[in-house]
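Observations on the model geometry
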Amino acid sequence: MVLVSACTTGPSLETRGAVTASPGDSKHLTIGSAGFTESDLLAQMYALLLNQAGYKTSLLTVANRELYEPALESGQIDVVPEYAATFADWLNAKTDGPDAPPAGSPDLDATMAALRKLATPRGLTVLAPGSAVDQNAFAVTEAYARRYHLKTLSDLGRSGLKVRLAAGDECVQRPYCEPGLKKTYGIDITAVDPKGVGTTQAKRAVQNGQDQMVLTTTTDATLDDFGLVLLADDRHLQNADYIVPVVNRSRAGSEGVTKALGKLNDVLTTADLASMNQQVDSWRRLPEDVARTYLKDKGLLK
C-alpha cells in the first residue's frame, strides 16, 4: 500500500468559492482505490475504460479517506470511485464541522446537489451516478422469510415478530439502524448482538438462529453461502450511497474522461457488483481480471 501525504497544491481556502479554471485533460491519470475489494474493482474498471479512451493510467491504493481526499484535491490522485451520501457527509463534516446537519439523505437528487455544492469549491467534479448502489441492508434466512412471507422490511414490521439483530455496536444509536428500523418500519428489535457489519460471525449467528436478522450491505457477495436473503428497504431508510466517480477538475474534468467513465453507468448494477465482489473474495480471482472480463462481456472493452 502506498500512502499519500496531505498535499496543499489544490485550490486555496481563499479561492475555493470560485473555481473558474477550464476543465483539464491530462493524458496521464492516477486512479485512486480505497483498498477494499469493491473499490479495487471500480478503480480497475475506470483505468481500463480510460486506457481505451487514450489515457495512460496508474493505480494508487490509499485506504484512508483522510489521506486520499486531500490528494484528490491536489491532483496527486485524479479519479476515485466514491459513494454519494457518504462522501457528501464526509465533505460536509470537513467543511462545516462534525456537528453539521447531514448532507446525504435517501433522496439521490438532493444528495447529489449537496455533494456537488461541497465538492466544487474544492476543485472536484462529481460525475453522474449510475444505478449501482452500496447501501446498508438487512438480511434474514431464506427459511425465515418464506415461513413468515417476508420480502420487505415493512413486511417484517407488520409481522410483529421479535427480532434480535446482528450488527455493529454503533447500531443502537445510528438512525439507519435500530432507531430507524423501529421508527420507520415498526420492527420490534429486542437486542443488538454486536458481531459487526456483514461479518462471517454475524451471518452465522443468523444462519444458526441465534439472531433473526443481520446488518450487511447491498453488494454482499456471500449471502447465498449462508442461506440469507435481503429484505427490501421499501420506505427508503438508507442513504443514497450510489457509486459516483469523483475527479480533480483541473486534471480530469474533460468531456473525454466523463464520456469514458459514463459508459459504465449504462450497464453496472448492484447485482453486478455483488457478483464481482464474490469472484474476488470467494473465488480468489484478481480484481483486474474480473474487471476486464466484465467490461468485455458488456461490450465496453475490445
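For the structure itself, consult the block above.
Let me sum up the structure you'll find in this document. (Residues numbered from 1 in each chain as written. Predicted model: local features only at pLDDT ≥ 70, side-chain atom pairs only at ≥ 80, totals over all residues. Heavy atoms only, no water.)

**Regarding the overall build of the protein chain**
- Within the protein chain one finds 12 helices and 10 strands.
- A compact globule built from 302 residues would reach a C-alpha radius of gyration of about 19 Å, and the protein chain, at 20 Å, matches this within 12%.
- Considering only C-alpha atoms, the protein chain reaches an extent of 60 × 45 × 30 Å along its principal axes.
- The proportion of buried residues among the 302 residues of the protein chain is 51%.
- Summarising the internal contacts of the protein chain: among those between residues at least 6 apart in sequence, 76% fall at separations of at least 24. (Helix = DSSP H or I, 4+ residues; strand = E, 2+ residues; numbered from the N terminus. Rg over C-alpha atoms; globule rule 2.2 N^0.38 Å. Buried < 20%, exposed > 50% of the residue type's maximum accessible area, 1.4 Å probe, protein only. Contact = heavy atoms within 4.5 Å.)

**What about helix α7 (residues 178–185)?**
- Residues of α7 that are buried: Glu178, Gly180, Leu181 and Tyr185. One face of α7 carries all of its buried residues, which in axial projection span an arc of 170°.
- Where α7 is buried, its residues touch β5 (136–141), α6 (153–159), β6 (162–167), β7 (188–194) and β8 (213–217).
- Count one or two residues on from α7 and you reach Gly186, which has phi positive near 70°. (Arc of directions from axis to C-beta.)

**Some words on the side chain of Gln135**
- The topology assignment puts Gln135 in the loop between β4 (124–126) and β5.
- The buried category is assigned to Gln135, whose relative accessible area is 16%.
- At a separation of 2.7 Å, a polar atom in the side chain of Gln135 contacts the main-chain carbonyl oxygen of Asn239.
- Residue contacts for Gln135: discarding those within four places in its chain leaves Thr216, Thr217, Thr218, Gln238, Asn239, Ala240 and Asp241. (Polar contact = N/O pair within 3.5 Å; in protein donor to acceptor, adjacent residues only side chain to side chain.)

**Describing the pairing of strand β3 (residues 79–83)**
- The buried fraction of β3 amounts to five of the five residues, a majority that puts the element mostly inside the structure.
- Burial of β3 is two-sided: the residues Val79, Pro81 and Tyr83 facing one way and the residues Val80 and Glu82 facing the other way are all buried.
- Examined bridge by bridge, β3 and strand β10 (residues 243–248) share five bridges and lie antiparallel to one another. Each bridged residue has a counterpart across the sheet, and for Tyr83 the counterpart in β10 is Ile243. (Pairing = 2+ DSSP bridges.)

**A short note on the pattern of salt bridges**
- One pass over the structure, following the stated rule, counts 14 salt bridges.
- In this structure, Glu69 engages Lys94 in a salt bridge whose closest nitrogen and oxygen atoms are separated by 2.4 Å. On the criterion of sequence distance, the pair formed by Glu69 in helix α2 (residues 65–74) and Lys94 in helix α3 (residues 84–96) is long-range, its members being 25 residues apart.
- A salt bridge links Lys182 to Glu178; the shortest N-O distance between them is 2.8 Å. Of this pair, Lys182 and Glu178 both sit in helix α7, four residues apart, which is roughly one turn of the helix.
- Within the structure, one salt-bridge network assembled from shared partners comprises Glu69, Glu73, Lys94 and Arg122. (Salt bridge = Lys/Arg side-chain N within 4 Å of Asp/Glu carboxyl O.)

**Overview of the packing of aromatic side chains**
- A full pass over the atoms with the stated rule returns two aromatic pairs.
- Aromatic side chains Phe36 and Tyr83 sit 6.5 Å apart centroid to centroid with 25° between the ring planes, which places their arrangement in the stacked category. With Phe36 in the loop between β1 (28–33) and α1 (37–52) and Tyr83 in strand β3, the pair connects residues that are 47 residues apart, well separated along the chain.
- Taking the relative accessible area as the measure of exposure, Phe36 reaches 37% and is therefore partly exposed. (Phe/Tyr/Trp six-rings, centres within 6.5 Å; stacked < 30°, edge-to-face > 60°.)

**Some details on empty space enclosed by the protein**
- Applying the stated criterion across every chain, the model contains one cavity of 30 Å³ or more.
- Leu42, Tyr46, Gly130, Ser131, Ala132, Ile243, Pro245, Leu261, Leu264, Asn265 and Leu268 are the residues that line the largest cavity.
- Mapped by element, the contributors of at least two residues to the lining of the largest cavity are α1, β10 and α10 (255–265).
- Per-element accounting of the lining of the largest cavity gives the leading share, three residues, to α10.
- The residue inventory of the lining of the largest cavity, partitioned by class, reads eight nonpolar, three polar and no charged. (1 Å grid on protein atoms, 1.4 Å probe; cavity = no way out; pocket = protein on both sides within 12 Å on 5 of 7 lines; lining within 4 Å. Points joined across faces, edges and corners; volume = space filled by probe spheres on them. Nonpolar A, V, L, I, M, F, W, Y, C, P; charged D, E, K, R; others polar.)

**Let's talk about the sheet that holds β7**
- Read from one edge of the open sheet, five strands run β7-β6-β8-β5-β9, paired in mixed fashion. The open sheet has two free edges, formed respectively by β7 and β9 (228–231), since each of these has just one partner strand. Strand-to-strand twist across the sheet, computed as the mean angle between neighbouring axes with direction ignored, equals 40°.
- As judged from the six bridges shared by β6 and β7, these two strands associate in the parallel manner. Bridging from a neighbouring strand, Ala167 pairs with Pro194 of β7. (Axes fitted to C-alpha atoms, helices over the stretch in contact; angles between N-to-C directions.)

**Points about the state of the cysteines**
- The tally for this structure, following the rule as stated, stands at one disulfide.
- Note that Cys171 is cross-linked by a disulfide to Cys177, the S-S spacing being 1.9 Å. An S-S torsion of about -85° defines the bridge between Cys171 and Cys177 as left-handed.
- On the accessibility criterion, Cys171 (1% relative accessible area) is buried.
- Take Cys177: its relative accessible area is 0%, and that puts it in the buried class. (Disulfide = S-S within 2.5 Å.)

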